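# Inside the fold
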Amino acid sequence: MGNNLFSVLIQSIKSKLSSLVSKLRMWLSWDFVRTRIIGRIRDFFVRLFSIKPKNKDDYYTVFRWMISKRLAYLLVIVVGVISLWYILSTGSLFKSSSSGIPTYSYNSIMLRMAKDKVRIKAKSGYVAYEGDVSKGYATGEGKLFSKTGVVLYSGQFEKNMYEGEGTQNYESGTIHYKGNFHSNLYDGQGILYRENGTREYEGEFSEGMKEGEGKLFDAGGNPVYEGSFASDEIIYGELLGKTPNEIRAKYHGSQVMYEEGEEMGSDVVIVLEDINALYLAQSDGSATDDDTKAVNIMVLSNVFRSGRTEARGIEAIRQILGEPVYEGYSSVILPEAIAINLLNDRTSALKGKVKMDTTSVYTDDIRVNSIDQEYTVYIYTFRRGGLMYSFVCNEPGSSIAFYEIQEGGEE
């Protein structure tokens, strides 16, 4: 009897609780909540627009126009909805990728609030960046991609610029440069590569150019020169006053020696083929090789560089070096004749080749018996920093063909 009464009591309690649980489930369900919210919003708008303006207090005055407050409220709501849609759509063009990394459009407002690793889409829709961000900028470790998905840069960023250690690649994906950057430019220690993968230069950079101590390599990746650089090229002047052995310790590429025949004198010209230069070595009269020094350097380039300035004509060179200390026609000397002939082996230069009577002692040792003394060039000579720079031209005012460096003595 007692058990039956207890069972009846339990069933009564369950029946009361089940209806309460059902109501709680209904109130907490998303469909119910959403229906109530939508209903409240609908009722709000119905009430808002069912009230008709009765006096001037129901209007806003803008210049000479009367605008209903209800219309103003509607405009505010529409602008708010559109703004919210824009934030959500651009910020989530904010899709979570399969790797779990959030992806943003480059102009997303949400990107300004993102932290840590993200992906950023370029205007055309491809993923242009993957990595760390801060306040909307690529800052920290990251990668920059081309439209085809090639990694153009991998390394450190600071406010969307290459800053710190990184690796830059060619469009093909092969390595171009590895080392330090500052404001998107090579700066500090680094290695520059050709597109075939061989090293071109290893050493110091400044503002994107070779600057400081470094090494040059040939197309096969073999070292050819070790020394000082400025404005992206060798400081050829540092070879002046050095013996052939001292120069050979710096220059490791192929070279050819031209010796004057007995009737001409005792000068020696050595061509440094892999660095586009040659030098005139003269002896002080003794028989030892150590007393032979480089007294004149010929640079086989029609461009003179100073900092970021490149000069190809005399007027541009005047802007750099000032007024010349000498200008005029001159018969060519042996190193000039060799330089002119080397240039003409590549392309037409000056008045063509200088006639020379030579005898090959070895393949890399040539004796010069005579040169054409009637061959003339026009020379502009400038003095700067204890050095003399002579620029060889065809005629007054024409572009330079190459230039020479020698010690300049006193001002």
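Residues numbered from 1 in each chain as written. Predicted model: local features only at pLDDT ≥ 70, side-chain atom pairs only at ≥ 80, totals over all residues. Heavy atoms only, no water.

### Details of the overall build of the chain
Our working rule: Helix numbering and strand numbering both begin at the N terminus, where a helix is a DSSP run of H or I of at least 4 residues and a strand a DSSP run of E of at least 2. Between buried and exposed lies partly exposed: a residue is buried under 20% and exposed over 50% of the maximum accessible area for its type, with that area taken using a 1.4 Å probe on protein chains only. For this analysis, residues touch if any pair of their heavy atoms sits within 4.5 Å.
Within the chain, the secondary structure is distributed over six helices and 27 strands. For the chain, the proportion of its 411 residues judged to be buried stands at 37%. When contacts within the chain are restricted to residue pairs at least 6 apart in sequence, long-range pairs at least 24 apart make up 30% of them.

### Let's talk about the pairing of strand β9 (residues 161–169)
The cut-off we apply is this: Two strands are counted as paired when DSSP detects at least two bridges linking them.
Judged from the five bridges that link them, strand β8 (residues 151–158) and β9 form a sheet pairing that is antiparallel. Along β9, the bridge assignment pairs Gly155 with Gly166. The hairpin formed by β8 and β9 contains two residues between the paired strands, and Lys159 there has a positive phi angle of roughly 50°. Judged from the six bridges that link them, β9 and strand β10 (residues 175–182) form a sheet pairing that is antiparallel. By the bridge assignment, Gly164 is partnered in β10 with Phe181.

### Structural notes on the nonpolar core
Stated formally: Note on terminology: a nonpolar core comprises buried Ala, Val, Leu, Ile, Met, Phe, Trp, Tyr and Cys residues joined through side-chain atoms within 4.5 Å.
Judged by nonpolar contacts, the single largest core of 53 residues is most densely connected at Tyr225, Ile275, Ile297, Phe391 and Ile405. Tyr258, Val271, Ile371 and Ile379 belong to the second-largest nonpolar core, a separate cluster that totals 28 residues.

### Here's the deal with the pattern of salt bridges
Defined as follows: The salt bridge criterion pairs a side-chain nitrogen of Lys or Arg with a carboxyl oxygen of Asp or Glu, the two atoms within 4 Å.
Within the structure shown, the criterion is met by 11 salt bridges. Between Glu207 and Arg308 there is a salt bridge, and its shortest N-O distance comes to 3.7 Å. Of the two residues, Glu207 is situated in the loop between β12 (199–206) and β13 (209–217) and Arg308 in the loop between β20 (304–306) and β21 (309–311); the sequence distance between them amounts to 101 residues. We classify Glu207 as partly exposed; its relative accessible area is 45%.

### Some words on the packing of aromatic side chains
Keep this limit in mind: The pairing test for Phe, Tyr and Trp rings, Trp by its six-membered ring, is centres within 6.5 Å, and the orientation test on the planes gives stacked under 30 degrees, edge-to-face over 60, and tilted for anything in between.
In the structure shown here, the tally under the stated rule is 21 aromatic pairs. Aromatic side chains Tyr153 and Phe157 sit 5.0 Å apart centroid to centroid with 90° between the ring planes, which places their arrangement in the edge-to-face category. Relative accessible area serves as the criterion here: at 0%, Tyr153 is assigned to the buried category. Judged by its relative accessible area of 5%, Phe157 falls in the buried class.

### Remarks on unusual backbone geometry
Although it is not a glycine, Lys159 sits at a positive phi angle of roughly 50°. Within the fold, Lys159 resides in the loop between β8 and β9. Not every positive phi belongs to a glycine, and Asp232 is a case in point at roughly 75°. Tracing the chain through its elements places Asp232 in the loop between β14 (223–230) and β15 (233–234). Judged by its relative accessible area of 32%, Asp232 falls in the partly exposed class.

### Looking at the environment of Thr174
Note the following rule: Whenever two N or O atoms come within 3.5 Å, that pair is a polar contact, provided that in protein one can donate a hydrogen and the other can accept it, and provided that, for residues adjacent in sequence, both atoms are side-chain atoms.
With respect to the element layout, Thr174 can be found in the loop between β9 and β10. Each C-alpha atom of the pair Thr174 and Asn196 lies 7.7 Å from the other, and the pair is 22 residues apart in sequence. The residues contacting Thr174, other than those within four sequence positions of it, are Asn169 and Glu195. Here the side chain of Thr174 touches Glu195 through a polar contact of 3.3 Å, landing on its backbone oxygen.

### Let's talk about the environment of Ala294
For Ala294, the position within the fold is in strand β19 (residues 292–299). For the pair Ala294 and Leu280, spaced 14 residues apart in sequence, the C-alpha separation works out to 5.6 Å. When neighbours within four sequence positions are excluded, Ala294 is seen to be in contact with Leu239, Leu240, Gly241, Lys242, Ile247, Tyr279, Leu280 and Ala281.

### A closer look at the side chain of Thr139
As for its position among the elements, Thr139 is in strand β7 (residues 137–145). Engagement of the side chain of Thr139 in a polar contact is seen with the backbone nitrogen of Lys159, the distance being 3.2 Å. Excluding its chain neighbours within four sequence positions, the residues that come into contact with Thr139 are Tyr129, Asp132, Val133, Ser134, Phe157, Glu158 and Lys159.

### Side note on the sheet that holds strand β18 (residues 277–283)
As a reminder of what qualifies: Helix axes are fitted only over the stretch in contact, all axes being lines through C-alpha atoms; the angle between N-to-C directions runs from 0 to 180 degrees.
Strand order in the open sheet made by the 10 strands is β22-β25-β26-β27-β19-β18-β17-β16-β24-β23, with mixed pairing throughout. Sheet topology places β22 (326–331) and β23 (356–362) at the edges, where each strand pairs with a single neighbour. Within the sheet, the average angular offset between the axes of one strand and its neighbour, ignoring direction, is 25°. Two strands pair when backbone bridges link them, and strand β16 (residues 255–260) and strand β24 (residues 365–371) are joined in this way by four bridges, in the parallel orientation. Within β24, the residue paired with Glu259 across the bridge is Arg367. Across the face of the sheet, helix α5 (residues 314–321) comes into contact with β22, β25 (376–384), β26 (387–393) and β27 (400–407) while running at roughly 20° to β25. The strands touched by helix α6 (residues 334–346) within the sheet are β16, β17 (268–272), β18, β19, β22, β23, β24, β25 and β27, with β27 carrying the most contacts at an inclination of about 150°.

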